[in-house]
Amino acid sequence: MTTPNAPVRKAVIPAAGLGTRFLPATKAMPKEMLPVVDKPAIQYVVEEAVKVGLNDILMITGRSKRALEDHFDRVPTLEATLAAKGDTDKLKSIQDASNLGDIHYVRQGDPMGLGHAVLRAKQHVGYEPFAVLLGDDLIDARDELLSTMIEVQAKTGGSVIALIEVEPSEISAYGCADIEAIGGEEYVRIKHLVEKPDVKDAPSNLAIIGRYVLHPAVFEVLERTDPGRGGEIQLTDALQELASGDGEGFGVYGVVFRGRRYDTGDKLSYLKACVQLACDSDDLGPGLREWLPGFASTLAPSPTK
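In this report, we go over the structure that sits alongside the text. Being a predicted model, the structure only gives us computed values, none of them experimental.

**Details of a nonpolar patch on the surface**
- Judged by side-chain polarity, Trp291, Phe295 and Leu299 come together as a nonpolar surface patch covering roughly 320 Å² of accessible area.
- Residue classification places Trp291 among the partly exposed residues on the basis of a relative accessible area of 47%.

**Some details on helix H11 (residues 285–297)**
- For H11, spanning 13 residues, the distance from its first C-alpha to its last is 19 Å, which sits close to the expected 18 Å at 1.5 Å a residue.
- At Trp291, H11 shows its maximal kink, close to 25°; a proline, Pro293, follows between one and four residues later.

**Notes on the layout of surface pockets**
- Considered as a void within the structure, the second largest pocket measures approximately 630 Å³ in volume.
- Considering the residues around the second largest pocket, the lining is formed by 25 residues, among which Lys39, Tyr44, Glu47, Ala141 and Leu277 are closest to the centre.
- Elements with a minimum of two residues in the lining of the second largest pocket: helix H1 (41–51), strand S7 (137–139), helix H7 (146–156) and helix H10 (267–280).
- The element best represented in the lining of the second largest pocket is H1, accounting for four residues.

**What to know about the packing of aromatic side chains**
- Taken as a whole, this structure holds four aromatic pairs when the rule is applied.
- Between the aromatic rings of Phe22 and Tyr270, the centroid separation amounts to 5.6 Å while the plane-to-plane angle is 80°, which identifies the pairing as edge-to-face. Of the two residues, Phe22 is situated in the loop between strand S1 (10–14) and strand S2 (35–36) and Tyr270 in helix H10; the sequence distance between them amounts to 248 residues.
- Arranged with centres 5.9 Å apart and planes meeting at 85°, the rings of Tyr187 and Tyr253 form a pair that is edge-to-face. On the criterion of sequence distance, the pair formed by Tyr187 in the loop between strand S9 (175–181) and strand S10 (188–195) and Tyr253 in strand S12 (residues 252–256) is long-range, its members being 66 residues apart.

**Looking at the environment of Tyr105**
- By the secondary structure assignment, Tyr105 is in strand S5 (residues 102–107).
- Taking the C-alpha atoms as reference, Tyr105 lies 9.9 Å from Arg66; in sequence the two are 39 residues apart.
- In this structure, Tyr105 is in contact with Leu58, Met59, Thr61, Leu68, Glu69 and Phe72, ignoring residues within four places of it in sequence.

**Describing the side chain of Ser98**
- Its place among the elements puts Ser98 in helix H4 (residues 88–98).
- A polar side-chain atom of Ser98 sits 3.0 Å from the main-chain carbonyl oxygen of Asp73.
- If we ignore the near neighbours within four places in the chain, the residues touching Ser98 are Phe72, Asp73 and Arg74.

**Description of the packing of H10 against H11**
- At their nearest, the axes of H10 and H11 sit 6 Å apart, and the two run at 120° to each other. For the element pair H10 / H11, the angle class is oblique. For the pair H10 and H11, contact is made by Val275, Ala278, Cys279 and Asp280 and by Gly285, Leu288, Arg289 and Leu292, respectively.

**Some words on the pairing of S10**
- Bridge count between S9 and S10: seven bridges; the pairing is antiparallel. Within the sheet, the bridge partner assigned to Ala181 lies in S10 and is Val188.
- Linking S9 back to S10 in an antiparallel pair, the connection comprises six residues, with Gly184 at a positive phi of about 80°.
- Two strands pair when backbone bridges link them, and S10 and S12 are joined in this way by two bridges, in the antiparallel orientation. Residue Val188 lies in a different strand from S12, and its bridge partner there is Gly254.

**Regarding unusual backbone geometry**
- Cis geometry is adopted by the peptide bond preceding Pro24, which originates at Leu23 and carries an omega value of 10°.
- Mapped onto the elements of the fold, Pro24 is located in the loop between S1 and S2.
- The backbone phi angle of Val37 is positive, close to 65°, even though this residue is not glycine.
- Its location among the elements puts Val37 in the loop between S2 and strand S3 (39–40).
- You can call Val37 partly exposed: its relative accessible area is 28%.
- Here the phi dihedral of Lys196 falls at roughly 50°; this positive angle occurs in a residue that is not glycine.
- Residue class for Lys196 comes out partly exposed when judged on its relative accessible area of 39%.

**So, the environment of Gly109**
- The residue Gly109 is located in the loop between S5 and helix H5 (114–119) in this model.
- For Gly109, a relative accessible area of 63% gives the class exposed.
- Distance from Gly109 to Arg189, taken between C-alpha atoms, is 34 Å for residues 80 residues apart in sequence.

Basis of the calculations
- Residues numbered from 1 in each chain as written.
- Predicted model: local features only at pLDDT ≥ 70, side-chain atom pairs only at ≥ 80, totals over all residues.
- Heavy atoms only, no water.
- Patch = residues over 30% accessible without salt bridge, like charges linked within 9 Å, V, L, I, M, F, W, Y side chains within 5 Å.
- Areas by Shrake-Rupley, 256 points an atom, 1.4 Å probe, with all protein chains shown as cover.
- Salt bridge = Lys/Arg side-chain N within 4 Å of Asp/Glu carboxyl O.
- Buried < 20%, exposed > 50% of the residue type's maximum accessible area, 1.4 Å probe, protein only.
- Helix = DSSP H or I, 4+ residues; strand = E, 2+ residues; numbered from the N terminus.
- Expected span 1.5 Å × (residues − 1).
- Bend = angle between axes of the 7 residues up to and from the residue.
- 1 Å grid on protein atoms, 1.4 Å probe; cavity = no way out; pocket = protein on both sides within 12 Å on 5 of 7 lines; lining within 4 Å.
- Points joined across faces, edges and corners; volume = space filled by probe spheres on them.
- Phe/Tyr/Trp six-rings, centres within 6.5 Å; stacked < 30°, edge-to-face > 60°.
- Contact = heavy atoms within 4.5 Å.
- Polar contact = N/O pair within 3.5 Å; in protein donor to acceptor, adjacent residues only side chain to side chain.
- Axes fitted to C-alpha atoms, helices over the stretch in contact; angles between N-to-C directions.
- Parallel < 35°, antiparallel > 145°, perpendicular 65-115°, else oblique.
- Pairing = 2+ DSSP bridges.

Next up, the structure:
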């Protein structure tokens, strides 16, 4: 049996959500397959995991998610067609997606929340620390986050969550962390977690985003965690128990991320992410940056209510 002091080798990507915010586009296509510039959102997440050496990836899927498996699989006929045309750039792009890592799939079954989805990974993960990456948050490949979180997990032996600073007025849209500083360290200790607090009750403006590096003790806690908000098993509830307890695998720590993050959780933020990433791309960026100011100058201000 692998010990929890082992290096992080595996990544879990929950991808069983229905994507109702993007209907009707997601009626027959997983929201994770929505394109962000020229790649589906899920590919950015897999690439992030692989970049830090997490080549063993488990996706937690659901019904109508077969397109995820197809995307990361080989398509010999398409490859042969592109090769025959001499279209080497497109050929390389689809081969790259197929060769990212060792990707496994398990269905969540009942849609019982993020905590339940993570629990479905127990058999695959075993008794060792692992990363969880949510597809709504895309982290810019030029910025370090997951590698830092893995280092903190190895140093502390607990679980690690990613935090960002948001405007205090926006904190009610997020899980919120009550933290204390640790002398001489850039990471913080989590004292308490609050899911979507009222602005007046929020202990900080530090919001939880979709990156976790978890000690395997989380599985035992999730198994006894009752459904919470929305009748779902909340990962936040399990992390709160780990943060407040003592013993092996207890203790939760936070890494405050100040790099570039792209939110694809709703239509407007998804569109903003597409524009931001397109502006930074080598092929589309120059033309888009040249066009955008002129287009923006033609827009009338939004009417005030």
